[in-house]
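Read off the chains here:
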Amino acid sequence: MEFNLADLFESIADAVPEREALVHLDHPGTGAERRLTYAGLDRAANRFAHHLLDSGVRAGDHVGLHLYNGVEYLQTVLGCLKARAVPVNVNYRYVEDELALLYRDADLTALVFDAEFTERVAGALGRAPRLRHLLRVGGPPDAAPEPRLPCVPYAEAERAASPERGFAPRSGDDLFLIYTGGTTGLPKGVMWRQEDLFFSGMGGGAPTGEPVRRPEEVAERVAAGGAGLVFFPMAPLMHGTATLTAFIAFHFGQKVVLHRKFVPEEALRTVAREKVTTASLVGDAMLRPLLDALAGPLRGLDCSSLLSVSSSGALLSRTVREQFSALLPGVPLLDNFGSSESGFNGTATADDDGRGAALTLRVNERTSVVDPATLRPVAVGEPGRIALRGHVPLGYYNDPVKTAETFFEVRGERWVLLGDMATVDERGVVTVLGRGSQCINTGGEKVYPEEVEQVLKDHPDVYDVLVTGVPDATWGTRVSAVVQVRAGAGTPSLAEIQEHCRARLAGYKIPRRLVTVESIQRSPSGKADYRWARSVAQYGSRSRRL
């Protein structure tokens, strides 16, 4: 047995077969739900794995998951891993051209998709010559014309395949691909060895304790412990963090609860009903509407089961952190820092300079801040880029140039150089300045959008905001803010926004342009869409959505 994710899951299913593993509470209003034990989920994944193999999918082939959250998502991931195929997450908000690009770049051989996406898949299929096997989850939408596609109904494929194991031996070297679009640019596939992902992204079987030393130790710990923890990844599973959260729960032998889509009030009712102990989400975009519901229509809802709430992928503002503390006193709020390229790096500290304008982290021992030119650690207080060593990805799929820019070796040890700029103090505390790719150069001064956004989110009328740069004849680039105004609040003027910032930001960081919009465009997981923000800031709120 190796540190292979399918091997680990099977060992857990054998250790606690009748323990509840997965609960899918369907879209609000349907009343449908599905519950699987570890043995039941293992059999379901076996069926999908055998279907892949019977359909000609082989070890190393890439299988796309164009799905909302549900049993089928995790069943497909586990089935791919069992068959040694490589699961590939697909952003379900992509349109035909973007899908065609991702299908080709990822060299997809097979695709599992929700019926709602049939038309988009049909439009992209002709431009993905290697994609030869399609499975559709669910039926076509009512009264909607259905493009003809040579696809197999997922339920039919599952019924026809064997629930037994009988697979070839696997390896910790087997790949896991995580596609990330980041905040700008084209999607990139991050290639992880499963053993590396287990330790860097899943905490080595114990994110808050001592990682395991042997693969067998995962199931041994599960068998020795009890049930009782309930993990609720609220973000889409196609966002790497949510899938990793589900696997962390499995490696503890605990229960995972899923909603098909994120609906704040329904999510909170599920916390109360299922006695959720650990909820994970992405930034203000998800946490703020949850808190608004708790402060409003769901005031008094019993959330006493919560032991922690964690956020990753986007920074939490001080305003939202304070609102959380007021509504859920005593519940730890973990503002985690990591990426598709690094896994987990660290958690925000209690340090605060009073401005709420930057994120300070206690990082793990594998994380450093380095000079990107020399790749050596920077001096205290000097800006550099965050880098991680040890269990890191192999590179970007189909992109040797970007791989060479991002991944490197020092004395035989692999490193990844992240895009995040930071400083480090004499205690080893890291302060994240922001993404270097989003840095605004205005009159020779550098402005990191995240810092300005943190300050703007403290304005009482600002519900959400993205900061970007637009061309300026005098300064080269002008700092601009795209603001979603809080419901029921007045629209702040540029002068009011500037006055709010003056005591907390240097003058060159203060926005010189303000555009208000009905809603900020973000990815389904809550990550910032800076391409859209830049277009809106430059051309006004009527700019087309990118």
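Relevant structure appears above.
Residues numbered from 1 in each chain as written. Predicted model: local features only at pLDDT ≥ 70, side-chain atom pairs only at ≥ 80, totals over all residues. Heavy atoms only, no water.

(A) Focus on unusual backbone geometry. Non-glycine residue D107 carries a positive phi angle of around 55 degrees. Checked against the element boundaries, D107 lands in the loop between α4 (96-105) and β5 (108-114). Even without glycine at this site, K275 takes up a positive phi of about 55 degrees. In this fold, K275 is placed in the loop between α10 (264-274) and β12 (278-281). Judged by its relative accessible area of 47%, K275 is partly exposed. (Helix = DSSP H or I, 4+ residues; strand = E, 2+ residues; numbered from the N terminus. Buried < 20%, exposed > 50% of the residue type's maximum accessible area, 1.4 Å probe, protein only.)

(B) Representation of the packing of helix α1 (residues 5-15) against helix α8 (residues 216-224) within the structure. In contact at an axis separation of 9 Å, α1 and α8 are set at 30 degrees when each is read in the N-to-C sense. Our classification of the angle between α1 and α8 gives roughly parallel. Relative to α8, the crossing made by α1 is right-handed. Contacts from L8, S11, I12 and A15 in α1 reach V218, A219, V222 and A223 in α8. Looking at the contact of α1 with α8, its residues break down into seven nonpolar, one polar and no charged. (Axes fitted to C-alpha atoms, helices over the stretch in contact; angles between N-to-C directions. Parallel < 35°, antiparallel > 145°, perpendicular 65-115°, else oblique. Left-handed = near helix turned anticlockwise from the far one by under 90°. Contact = heavy atoms within 4.5 Å. Nonpolar A, V, L, I, M, F, W, Y, C, P; charged D, E, K, R; others polar.)

(C) Highlighting the packing of helix α3 (residues 71-83) against helix α9 (residues 240-251). Interhelical geometry of α3 versus α9 gives an angle of 75 degrees and a closest axis separation of 12 Å. Between α3 and α9, the angle falls in the class roughly perpendicular. For the pair formed by α3 and α9, the contact residues are Y73, L74, V77, L78 and L81 on the first element and T243, A246, F247 and F250 on the second. Partitioning the contact of α3 with α9 into residue classes produces eight nonpolar, one polar and no charged.

(D) View of the pattern of salt bridges. A full pass over the atoms with the stated rule returns 43 salt bridges. With a closest N to O distance of 3.6 Å, E158 and R34 form a salt bridge. With a gap of 124 residues between them, E158 in helix α6 (residues 154-160) and R34 in strand β2 (residues 33-37) connect regions that are remote in the sequence. Residue R34 is classed as partly exposed on the basis of its relative accessible area, which comes to 29%. In this structure, the salt-bridge partner of E274 is R35, at a minimum N-O distance of 2.6 Å. Of this pair, E274 sits in helix α10 while R35 sits in strand β2, placing them 239 residues apart in sequence. Classification of E274 by relative accessible area gives buried; the value is 7%. For R35, a relative accessible area of 34% translates into the label partly exposed. By sharing partners, the salt bridges in this structure join D7, E10, D14, D42, K82, R165 and R170 into a single network. (Salt bridge = Lys/Arg side-chain N within 4 Å of Asp/Glu carboxyl O.)

(E) Expanded view of the packing of aromatic side chains. Considering all chains together, one arrives at 14 aromatic pairs under this definition. Ring geometry for Y396 versus F407: centroids 5.5 Å apart, planes at 70 degrees, classification edge-to-face. In this pair, Y396 is assigned in strand β19 (residues 395-396) and F407 in strand β20 (residues 407-410), connecting sequence segments eleven residues apart. An aromatic cluster is present here, built from F9, Y38, F247 and F250 joined pairwise through their rings. Over the aromatic face of Y463 sits the side chain of R288, whose NZ or CZ is 5.3 Å from the ring centroid. (Phe/Tyr/Trp six-rings, centres within 6.5 Å; stacked < 30°, edge-to-face > 60°. Lys NZ or Arg CZ within 6 Å of the ring centre and 35° of its normal.)

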